[in-house]
Amino acid sequence: MSGLRQSFLEFIRTVGNQSGCHQMPERSFFYKGKQFPVCARCTGVFFGHMTAILLFLCRKEVSLPKCLFLMGIMGVDWGVQETGFLESTNPKRLVTGFCGGLGLFAFYGWLVHRLWNMAKKCFVYRKIG
């Protein structure tokens, strides 16, 4: 494995660890015998974040109710698993993590859009008055 690739994977592993990812092998994906640097849910969250950023850059807004719904999907899966009521699977963790990551960053985009519009109105009113 190249030094740059290894450094990138170590960076992802460190960021994941510092942001709360448990990185448990039984809750992680493996590729060619090597464990992903973060667990299945955090992998989904990462891809959800990237998708939300792309949507934001393409000026596609996700409504607040949809953002909350998407975050709720991940929250329910986590909560059901945490209570011991039902064990989740790695594919389900990946999908619900994607929903949660998309919902959270889409919410950030929604909030930035609202704040930007408020700031523009404030600036225009001050300039005119």
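For clarity, every value in this text was computed on a predicted model and none was experimentally measured. (Residues numbered from 1 in each chain as written. Predicted model: local features only at pLDDT ≥ 70, side-chain atom pairs only at ≥ 80, totals over all residues. Heavy atoms only, no water.)

Quick look at the side chain of threonine 96
Within the secondary structure, threonine 96 sits in helix H4 (residues 90-128). For threonine 96, the side chain forms a polar contact with the side chain of aspartate 77, separated by 3.1 Å. Ignoring sequence-local partners within four residues, the contact set of threonine 96 consists of Arg41, Ile73, Met74 and Asp77. (Helix = DSSP H or I, 4+ residues; strand = E, 2+ residues; numbered from the N terminus. Polar contact = N/O pair within 3.5 Å; in protein donor to acceptor, adjacent residues only side chain to side chain. Contact = heavy atoms within 4.5 Å.)

Section: helix H2 (residues 40-57)
Look at H2: 26 Å from first C-alpha to last across 18 residues, which is about the 26 Å you get at 1.5 Å a residue. In the segment just after H2, arginine 59 is the residue with positive phi, at about 60°. (Expected span 1.5 Å × (residues − 1).)

Quick word on the environment of cysteine 21
Here cysteine 21 shows up in the loop between helix H1 (3-18) and strand E1 (30-31). Put simply, cysteine 21 and lysine 92 are 71 residues apart on the chain and 17 Å apart in space, counted from C-alpha to C-alpha. Setting aside chain neighbours within four positions, we find cysteine 21 in contact with Gly16, Val38, Cys39 and Cys42.

Observations regarding the nonpolar core
Ala52, Val62, Cys67, Leu70, Cys99, Leu102 and Ala106 form the largest nonpolar core, which has seven residues in total. Contributions of two or more residues to this core are made by helix H3 (64-82) and H4. Residue contributions to this core peak at three residues, all from H4. Filtering out sequence-adjacent residues up to four positions away, valine 62 remains in contact with Leu55, Cys67, Ala106 and Trp110. (Core = buried A, V, L, I, M, F, W, Y, C linked by side-chain atoms within 4.5 Å. Buried < 20%, exposed > 50% of the residue type's maximum accessible area, 1.4 Å probe, protein only.)

Focus on the packing of aromatic side chains
Evaluation of the coordinates by the stated rule reveals five aromatic pairs. Ring geometry for phenylalanine 105 and tyrosine 108: centres 5.3 Å apart, planes at 50°, overall tilted. Of the two residues, phenylalanine 105 and tyrosine 108 are both situated in helix H4; the distance of three residues between them amounts to about one turn of the helix. According to the relative accessible area criterion, tyrosine 108 is partly exposed, its value standing at 40%. Judged by centre distance (6.3 Å) and plane angle (50°), the ring pair of phenylalanine 107 and tyrosine 108 falls under tilted. Here the aromatic residues Phe105, Phe107, Tyr108 and Trp110 are joined through ring pairs into a cluster of three or more. (Phe/Tyr/Trp six-rings, centres within 6.5 Å; stacked < 30°, edge-to-face > 60°.)

Structural measurements only, silent on function.
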